[in-house]
Amino acid sequence: MNFLFSPFVIPVAGISVAIVAIISGIWLDGHKRRLRSEERIAMISRGVPLADIEKMLGTGDEEKPPVKDPLRSLGNARRTGIVLVSVGAGLILI
């Protein structure tokens with residue numbers, strides 16, 4: 001029971017939550033793609049033309065819009081890097 005009062009419990013729990021969130025996001029994305037493909041297969045088996053399927057379900061490319069301004073994207077990446085490095089330094093100093 002001594003491990004519950006260890007100073008490493010909070011960082012380990014935080015990292016565990018982050019890992020679970022990343023894994024669940026990847027799993028949900030795969031699940032969504034699988035459902036979309038099953039819908040397409042069911043429509044094709046019913047004889048719906050491909051043009052109508054594309055109109056109803058879309059091509060799947062519209063989910064990820066292109067980056068509008070590359071400099072803004074670099075700024076977001078820089079800000080994310082600064083936050084992550086600061087959190088890492090804070091965890092080291094604890």
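None of the values given here were measured: they were computed from a predicted structure.

Colleague: Can you help me understand the overall build of the protein chain in this one?
Modeller: Within the protein chain, the regular secondary structure consists of 3 helices and 0 strands. Scanning the protein chain from its N terminus toward the C terminus, one meets helices and strands in the order α-α-α. Out of the 94 residues belonging to the protein chain, those deemed buried represent 6%. Surface exposure of the protein chain reaches about 8,300 Å², of which carbon and sulfur atoms provide 71%.

Colleague: In this structure, what is going on with helix α1 (residues 9-45)? I would like to understand it.
Modeller: Helix length check: α1, at 37 residues, gives a terminal C-alpha distance of 53 Å against a target of 54 Å (1.5 Å per residue), a fit within 8%. Within α1, the full set of buried residues consists of Pro-11, Arg-40 and Met-43. The positive-phi residue at the C-terminal boundary of α1 is Gly-47, with phi of around 95°.

Colleague: What is the right way to read a nonpolar patch on the surface from this model?
Modeller: A grouping of Val-83, Val-87, Leu-91 and Ile-94 is seen on the molecular surface, where their side chains present a nonpolar patch of about 380 Å² in accessible area. Locating Leu-91 in the fold gives a position in helix α3 (residues 70-93). Given a relative accessible area of 38%, Leu-91 falls into the partly exposed group.

Colleague: Just checking my understanding: could you explain the packing of α1 against helix α2 (residues 50-57) for this structure?
Modeller: Geometry of a packed helix pair, given as the angle between the helix axes and the separation of the axes. It is the contact of α1 with α2, at a shortest axis distance of 10 Å, that shows an interaxial angle of 145°. Considering the relative orientation of α1 and α2, their crossing is right-handed. Contact residues: Arg-36, Glu-39, Arg-40, Met-43 and Ile-44 in α1; Leu-50, Ile-53, Glu-54, Met-56 and Leu-57 in α2. Classifying every residue of the contact of α1 with α2 by side-chain character gives 6 nonpolar, no polar and 4 charged.

Rules and cut-offs
- Residues numbered from 1 in each chain as written.
- Predicted model: local features only at pLDDT ≥ 70, side-chain atom pairs only at ≥ 80, totals over all residues.
- Heavy atoms only, no water.
- Helix = DSSP H or I, 4+ residues; strand = E, 2+ residues; numbered from the N terminus.
- Buried < 20%, exposed > 50% of the residue type's maximum accessible area, 1.4 Å probe, protein only.
- Areas by Shrake-Rupley, 256 points an atom, 1.4 Å probe, with all protein chains shown as cover.
- Expected span 1.5 Å × (residues − 1).
- Patch = residues over 30% accessible without salt bridge, like charges linked within 9 Å, V, L, I, M, F, W, Y side chains within 5 Å.
- Salt bridge = Lys/Arg side-chain N within 4 Å of Asp/Glu carboxyl O.
- Axes fitted to C-alpha atoms, helices over the stretch in contact; angles between N-to-C directions.
- Left-handed = near helix turned anticlockwise from the far one by under 90°.
- Contact = heavy atoms within 4.5 Å.
- Nonpolar A, V, L, I, M, F, W, Y, C, P; charged D, E, K, R; others polar.

Any functional reading would require information beyond the geometric quantities listed.
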